[in-house]
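Structure at a glance
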Amino acid sequence: MRITAIKSHVLQYDLDEELGYSQQYYAKRTAHLVEVETDEGITGWGECFGGGAVAFANKTIVERVIAPLIVGMDPRDREVIWHKVYNLLRDHGQKGMPIQALSGVDIALWDIAGKACDCPVYQLMGGAFRDRIEVYGYGMMLQRKNDLARRFAEESVKIRDAGFGAMKMKIGLGPKADIELVEAVRGAIGDATGLMVDANHAYTAREAIGLGRALERLDVAWFEEPVAPEDRQGYRDLCEALDINIAGGEAEFTRWGFRDLIGGRCVDILQPEVCGLGGITEYLKVLALAQAHFVPVVNHVWGSAVAVGTNLHLLAALPDFPGGAHPVQPMLEYDTTPNRFREELLQEPLRISEQVKQSGGSVALPTKPGLGVDPDPDFIRHFEVS
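Below, the structure is looked at part by part. Within each chain, residue numbers correspond to sequence positions counted from 1 in written order. Reporting of local features is limited, given that this is a predicted model, to residues whose pLDDT is at least 70; pairs of side-chain atoms are given and counted only at 80 or more, and all residues count toward the totals for whole chains, interfaces and linings. As a rule here, side-chain values come from all non-hydrogen atoms in the structure, and water together with hydrogens is ignored.

**Focus: the overall build of the chain**
Our working rule: Secondary structure elements are defined from DSSP: runs of H or I of at least 4 residues count as helices, runs of E of at least 2 residues count as strands, and each element is numbered from the N terminus. In this treatment the radius of gyration is a C-alpha quantity, and the globule benchmark scales as 2.2 Å times the residue count to the 0.38 power. Three exposure classes are used, based on accessible area relative to the maximum for each residue type with a 1.4 Å probe and protein chains only: buried under 20%, partly exposed in between, and exposed over 50%. Contacts: residue pairs with any heavy atoms within 4.5 Å of one another. Residue exposure ignores everything except the shown protein chains as possible cover, and the areas themselves are Shrake-Rupley values with a 1.4 Å probe. Positive charges are assigned to Lys and Arg, negative charges to Asp and Glu, while His and the chain termini are left out of the count. Note on charges: their place is set at NZ of Lys, CZ of Arg, CG of Asp or CD of Glu.
Helix and strand counts for the chain stand at 15 helices and eleven strands. Computed over C-alpha atoms, the radius of gyration of the chain comes to 20 Å, within 12% of the 21 Å expected from 2.2 N^0.38 for 386 residues, which places it in the range of a compact globule. Of all 386 residues assigned to the chain, the portion counted as buried reaches 57%. By sequence separation, contacts in the chain at least 24 residues apart represent 74% of the contacts at least 6 residues apart. Summed over its atoms, the accessible surface of the chain is roughly 15300 Å², and 49% of this surface lies on carbon and sulfur atoms. Looking at the chain, you have 39 positive and 55 negative side-chain charges, and the mean spots of the two groups are 1 Å apart.

Written as structure tokens, this is what we have:
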């Protein structure tokens, strides 16, 4: 089998309402899909992490840098391909967009392998450790509104009533404003529903420690990306100063970056982003590092149905969190804000929300060969902007 073509699709549409996080607001939804074709008629799909202008930059890397290096190679030689591309790009980008671009290509190669073997990708990774996967709802994005606490409270109730047993919200407006938001949400959903917060590296370590103590009183399960990803000492200081779990890792890349993050005991919960850190091939190495250091893993998930579907396979093949008589099961992060690239992209939708509602918080494993995330070509043509 040989790779005959690699295509990169950037999809985009205007949101009805502007959304944001601590670093920026955005008015368009963007997704970057990678399509790898072979001479045996098997096509694989992957996704690159990064929205807006980043997606267009990644498209150039996929098509003009990576594709010429690997067209003609056997797509099943995933390790060979990964190291060939990385070694030739390491002088120009050991982190960031080159690795995000490589991630989308690598995920597509795993999709091809599963289809060629007529089995789900999680079987290629060693099999499924569970029959169903718990899901937590991710919503409550920042908006430039004066009544944001009321809006968050109302949205949190909708997420809870949709069947999610836990949820995550954005913070990062300043400690006082953040506490008001979290108090509003906790008051609305009650004590029985799990609650996590994501600051998207809005704070210095000193600011985050004070905020973290307030979050502990509100029974927040984890404090995500409290400081800049480069501030390893800040992460360590937070882990030592607070009882709340410190989570991070979505902005880290490759086994070498995660080696230092994990080995330095910088996080209590690791959040690898498979569409950004180097794809499934590299994710498995990061997972091995986390397990060797007894660090629980909750994957970061953000993007289209391709990213969601990919993570279903990763979470199915993820061993129980280490330690304890009753190990905690991994969870799927699921964006509950409006997203046509999640709901309408695939020929056979994943129907995560429907499954969560019916089951009380979990989804079944995919059963189709490969990733089971084949996009509708008419949908792609309609929304493709590059």
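So that's the structure; there's more coming.
**Quick notes on the sheet that holds strand E3 (residues 43-47)**
Short version of the rule: Only strands joined by at least two bridges in the DSSP assignment are considered to pair. Under this scheme, a helix contributes an axis fitted over its contacting stretch, all axes are lines through C-alpha atoms, and angles between N-to-C directions fall in the 0 to 180 degree range.
Spatial ordering of the open sheet is given by E1-E2-E3, a layout of three strands whose pairing is antiparallel. The sheet terminates laterally at strand E1 (3-21) and E3, the two strands that pair on one side only. Sheet twist, expressed as the mean angle between neighbouring strand axes with direction ignored, is 20°. Pairing analysis gives five bridges linking strand E2 (residues 24-38) to E3, with the strands arranged antiparallel. Along E3, the bridge assignment pairs Glu37 with Thr43. Helix H3 (residues 97-117) contacts E1, E2 and E3 of the sheet and is inclined by roughly 145° relative to E3.

**What to know about the packing of helix H9 (residues 254-263) against helix H11 (residues 279-292)**
Note the threshold: When describing relative orientation, an angle under 35 degrees is termed roughly parallel and one over 145 degrees roughly antiparallel, while 65 to 115 degrees is termed roughly perpendicular and anything else oblique. The sense of a crossing depends on the near helix, which, turned anticlockwise from the far helix by less than a right angle, makes the crossing left-handed and, turned clockwise, makes it right-handed. Classification convention: Asp, Glu, Lys, Arg as charged; Ala, Val, Leu, Ile, Met, Phe, Trp, Tyr, Cys, Pro as nonpolar; all other residues, Gly among them, as polar.
Where H9 meets H11, the axes come as close as 9 Å, and the angle between the chain directions of the two elements is 20°. Overall, the two elements H9 and H11 adopt an arrangement that is roughly parallel. Relative to H11, H9 is oriented so that their crossing is right-handed. Seen from H9, the contacting residues are Thr254, Arg255, Trp256, Phe258, Arg259 and Ile262; seen from H11, they are Glu282, Lys285, Val286, Leu289 and Ala290. Considered class by class, the residues forming the contact of H9 with H11 number six nonpolar, one polar and four charged.

**What to know about the nonpolar core**
The following threshold applies: As used here, the term nonpolar core means buried Ala, Val, Leu, Ile, Met, Phe, Trp, Tyr and Cys residues forming a set that is joined through side-chain atoms within 4.5 Å.
Counting 101 residues, the largest nonpolar core has Met169, Val182, Phe223, Leu270, Leu332 and Ile352 as its most contacted members. With eight residues, the top contributor of residues to this core is helix H12 (residues 305-316). Ignoring any residue separated from it by four or fewer positions in sequence, one finds Phe223 in contact with Ile171, Val197, Ala199, Ala208, Leu211, Gly212, Leu215, Ile244, Asn245, Ile246 and Ala247. Formed by 26 residues, the second largest nonpolar core is a distinct cluster that contains Met1, Val34, Cys48 and Ala67.

**Topic: the layout of surface pockets**
Worth spelling out the cut-off: Using a grid of 1 Å spacing that covers the protein atoms alone, one calls a set of points a cavity when a 1.4 Å probe fits there but cannot get out, and a pocket when the set is open and has protein on both sides within 12 Å along at least five of seven lines; lining residues are those with an atom within 4 Å of a point. Grid points are joined across faces, edges and corners, and a volume is the space filled by probe spheres set on the points.
If you add up the space inside the largest pocket, you get close to 960 Å³. What lines the largest pocket is a set of 39 residues, among which Tyr21, Gln24, Phe49, Gly50 and Gly51 lie closest to the centre. Only E2 and H3 provide two or more residues apiece to the lining of the largest pocket. For the lining of the largest pocket, a count of residues per class yields 14 nonpolar, 15 polar and ten charged. Put simply, the second largest pocket is a space of about 500 Å³. Around the second largest pocket, the lining is made up of 18 residues, and of these Glu17, Leu19, Gln143, Glu155 and Pro338 lie nearest the centre. At the level of secondary structure, the elements contributing two or more residues to the lining of the second largest pocket comprise E1 and helix H5 (148-161).

**Here's the deal with the environment of Leu211**
Following the sequence through the fold, Leu211 ends up in helix H7 (residues 205-217). Sequence separation between Leu211 and Phe223 is twelve residues, and the spatial gap between their C-alpha atoms is 9.6 Å. Leave out the neighbours within four places in its chain, and Leu211 touches Ile171, Pro175, Asp178, Ile179, Tyr203 and Phe223.

**Notes on the packing of aromatic side chains**
Going by this rule: Pairing of aromatic rings covers Phe, Tyr and Trp, the last through its six-membered ring, and needs centres within 6.5 Å; plane angles under 30 degrees mean stacked, over 60 mean edge-to-face, and all others mean tilted.
This structure, assessed with the given rule, holds ten aromatic pairs. An angle of 15° between the planes, with centres 5.1 Å apart, marks the rings of Trp82 and Tyr86 as stacked. Of the two residues, Trp82 and Tyr86 both sit in helix H2 (residues 78-89), four residues apart, roughly one turn of that helix. The class for Trp82 is buried, based on a relative accessible area of 1%. Judged by centre distance (6.3 Å) and plane angle (15°), the rings of Phe164 and Tyr334 are stacked. One end of the pair, Phe164, is in the loop between H5 and strand E5 (166-170); the other, Tyr334, is in strand E10 (residues 331-335), with 170 residues separating them in the sequence.

**Considering H5**
This is how the line gets drawn: By this rule, a helix spans an expected 1.5 Å times one less than how many residues it contains. It is the directions from the helix axis to the C-beta atoms whose arc is reported.
With 14 residues, H5 extends 20 Å from end C-alpha to end C-alpha; this agrees with the ideal 20 Å at 1.5 Å per step. Looking at H5, one finds that the buried residues are Leu148, Phe152, Ala153, Ser156 and Ile159. The buried residues of H5 occupy an angular sector of 135° when projected down its axis, which confines them to one face. Taken together, the buried residues of H5 touch strand E4 (132-138), E5 and helix H6 (175-189).

**Remarks on the pairing of E5**
Cut-off, in case you're wondering: When the strands point away from the viewer and the path from the first strand over the helix to the second turns clockwise, the crossover is right-handed.
Summarising burial for E5: five of the five residues are buried, a large majority. Bridge count between E4 and E5: two bridges; the pairing is parallel. Paired with Gly137 across the two strands is Met167, which belongs to E5. Direction of pairing for E5 relative to strand E6 (residues 194-198): parallel, over a ladder of five bridges. Within E6, the residue paired with Ala166 across the bridge is Gly194. Each parallel crossover has a hand, and for E5 linked through H6 to E6 it is right-handed.

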